[in-house]
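Inside the fold
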Amino acid sequence: MSMIWPWSSQACAISDTEICHGHRACISPLALISILLALLLFSPLLSSPASAGHISSGQDIQAAIDSAQEGEIISVGAGSYSPIIIDRPLSLIGEGRPVLNAALQKPAVTVKSNGVTLEGFEIRGVEKDPASKFEYYMKNREAARGQRLDMPNAAVLVEGNGFLLLNSSVHRAQAGVYALDADGITIKDCILDGCDTGLFLHEGRGLDVSGCSIIDCRKFGLDIECSGDIAVKNCSIINNSNVGILFREGEGAAVDDNLISGCTFGLSLWNASHNQVRRNRVDHNYYGILVTNWSCYNNITDNLLIDNSRGEIIAGFGIGLSLQENSSHNLVVGNVARGNYNGLEISKGCQYNAAYANNASGNKHGIRMNENRNNLIFGNSFLNNNINAYENLSRNVWNTTIGNCYSDYQGEDENGDGIGEQPYSIPGPHSRSIDYMPLLRPLGKDEERMGTAELQELVRGYATLPDEEEAEPAAQLEEGIMVISSPRPRLPPQWGEFEPLDVSRSPFQGENYF
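Counting restarts for each chain, with residues numbered from 1 along the sequence as it is written. Confidence filtering applies because this is a predicted model: local features only for residues at pLDDT of at least 70, side-chain atom pairs given and counted only at 80 or more, and all residues used for totals across whole chains, interfaces and linings. Computation of side-chain values covers all heavy atoms of the structure but excludes hydrogens and water.

1. Brief notes about the packing of aromatic side chains
Two rings belonging to Phe, Tyr or Trp (six-membered ring only in the last case) form a pair when the distance between their centres is within 6.5 Å. Interplanar angles under 30 degrees mark stacking, angles over 60 mark edge-to-face geometry, and anything in between is tilted. In this structure the tally under the stated criterion is 9 aromatic pairs. A ring pair is formed by tyrosine 286 and phenylalanine 317, whose centres lie 5.8 Å apart and whose planes are at 50 degrees; its orientation type is tilted. One end of the pair, tyrosine 286, is in the loop between strand E29 (281-283) and strand E30 (287-292); the other, phenylalanine 317, is in the loop between strand E32 (304-306) and strand E33 (319-324), and 31 residues separate them in sequence. Each residue is assigned to one of three classes by its accessible area relative to the maximum for its type, calculated with a 1.4 Å probe on protein chains only: buried under 20%, partly exposed between the two thresholds, exposed over 50%. Take phenylalanine 317: its relative accessible area is 15%, and that puts it in the buried class. Put simply, the rings of Phe265, Tyr286, Tyr287, Phe317 and Tyr341 pair up and form one aromatic cluster. What counts as a helix is a DSSP run of H or I of at least four residues, what counts as a strand is a run of E of at least two, and both are numbered from the N terminus.

2. Observations concerning the pairing of E30
By the criterion of burial, E30 is predominantly enclosed, with 6 of the 6 residues buried. One requirement defines pairing of two strands: DSSP has to find at least two bridges between them. Bridge count for strand E27 (residues 265-270) against E30 is 5 bridges, and the pairing is parallel. Looking at the pairing, leucine 267 lines up with isoleucine 289 of E30. Pairing of E30 with E33 involves 4 bridges; the strand directions are parallel. Looking across to E33, one finds that leucine 290 is bridged to serine 322.

3. What about the confidence of the model for the chain?
Within a predicted model, pLDDT stands for the predictor's per-residue confidence, ranging from 0 to 100. For the chain, the average pLDDT comes to 85, and 76% of its residues sit at 70 or higher. Contacts were defined at the residue level, with two residues in contact if any of their heavy atoms lie within 4.5 Å. The low-confidence segment residues 507-512, where pLDDT is below 50, has 15 contacts with residues more than four positions distant or belonging to other chains.

4. Details of the pattern of salt bridges
Two side chains bearing opposite charge may form a pair once their charged atoms approach each other closely. Each salt bridge in this description consists of a side-chain nitrogen of Lys or Arg and a carboxyl oxygen of Asp or Glu lying within 4 Å of one another. Taken as a whole and assessed by the stated rule, the structure comprises 10 salt bridges. Measuring nitrogen to oxygen at the nearest pair gives 3.0 Å for the salt bridge that ties arginine 124 to glutamate 122. Given a relative accessible area of 39%, arginine 124 falls into the partly exposed group. Assessed through its relative accessible area of 18%, glutamate 122 is described here as buried. With a closest N to O distance of 2.7 Å, aspartate 196 and arginine 218 form a salt bridge. Placement of aspartate 196 in the loop between strand E17 (191-193) and strand E18 (197-202) and of arginine 218 in the loop between strand E20 (213-215) and strand E21 (220-225) is noted, with a sequence separation of 22 residues between them.

5. Some thoughts on helix H6 (residues 452-462)
Taken as a whole, H6 has its buried residues at Leu455, Leu458 and Val459. The buried residues of H6 occupy an angular sector of 100 degrees when projected down its axis, which confines them to one face. More than 90 degrees from the buried face of H6, the exposed residues found are Ala453, Arg460 and Gly461. If you follow the buried residues of H6, they end up packed against strand E34 (331-333), strand E37 (354-356) and strand E40 (373-378). This arc is built from the directions going out from the helix axis to the C-beta atoms.

6. Focus on the environment of glutamine 276
Following the sequence through the fold, glutamine 276 ends up in strand E28 (residues 276-278). Residue glutamine 276 is classed as partly exposed on the basis of its relative accessible area of 27%. Between the alpha carbons of glutamine 276 and tyrosine 297 there is a distance of 9.3 Å; along the sequence they are 21 residues apart.

7. Focus: the pairing of E33
For E33, a buried count of 6 out of 6 residues is recorded, marking the element as mostly surrounded by other parts of the structure. Bridge analysis of E33 against strand E36 (residues 342-347) gives 5 bridges, and the strand direction is parallel. Bridge pairing links leucine 323 to isoleucine 346 in E36.

Take a look at the structure:
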């Protein structure tokens, strides 16, 4: 039996729909084309739970990502969502603060593409749990194949360049944002809260963190290693148990206008050179700013270092700014240190640093120099400290054409040039350093300060103490008594043969890294 299609009738050819032979409905070619076009347009909506465009609660974000074209914007409504993988350049915009949830060894967001933007989300991570992690991989051995089993539970895992995280919050992950070899990351107006490490970046360039709150992290607020061209600006970095900001083995960072408070080490530069640290408020840390382990050519200027004191080791002990472990050629300029145990400190083999135009007042020690030489200290104000300036086993230069202002200076200015006629001897065990040009009053705030090049030239011109001096004799006559002692070298030791202070393994933290 042959089948006769409706559109084979001549009547159908001249009208949209007619009753044809056998009372069958007949459809014109024009109407058929309209129906087919409608099916093509609406069939994706019928076959997929979500599409690139808007995602409502209960729909599948991953399906929308998988069907999206590069460069599309996907808006996500309020609700709670499972982990997602973004493998193409897209923008996901949260409306009503949607929640992205991580799972064990499954980040809430895995970024596998360049050019991804994530804005307006609450991202909940998974805390460190080695036992559950081991059990997971024992039960899911295929998932472990070819994977690094030392990777942390990250809330956001970044494997692409140009990632933007905007106006979002990340909570209680082993690593809030974890990025390896990723360039051009921007994190703006975000909260990283209660993580082991808020952000970890290794071998990346062009990181920009601004306007963020990084709080209550158990190890590091920001851990940035082997990276460059970093900017951390206008952030609040508070109550991170170990280090607020660790910048390790990198260069070219600008750390400006931040609040860094309540950490063991507020900011640490570790073997990090050519960086700028400016206008930060650093308070209530154990070490406010620590520059250590061959960190050189850094400019540390106009920071407010106040009330850095803790009681874990010695009641009230804390340091505003400390240069340590062969860190040399740094400029420490225009900082205010107040209410610390040591306001400023330069210790253990550091040379050719300049401390200029700083104000260290109301500390236990205004400035403490320990086991170093050939640092230039001038134009500073050391006022109302228990001990204004102190040297231990050191020999440094304390004036150029001007020296420093000491509140305990007892000399006179006979010619009215603002410089005392009698030199100021720097106290300390066997100290031989002298400020020959002590100031009678502090430098004025409105006085023009010297620039970097001029300060470096002064260091080259004045910090010229000879490299070697004879050691003290093993036996010497003191007040009629022969005193026998071991020789004391005049040169500071090079500290490379010793284990330097490791700020990533603090005395208050038994574990390190991931």
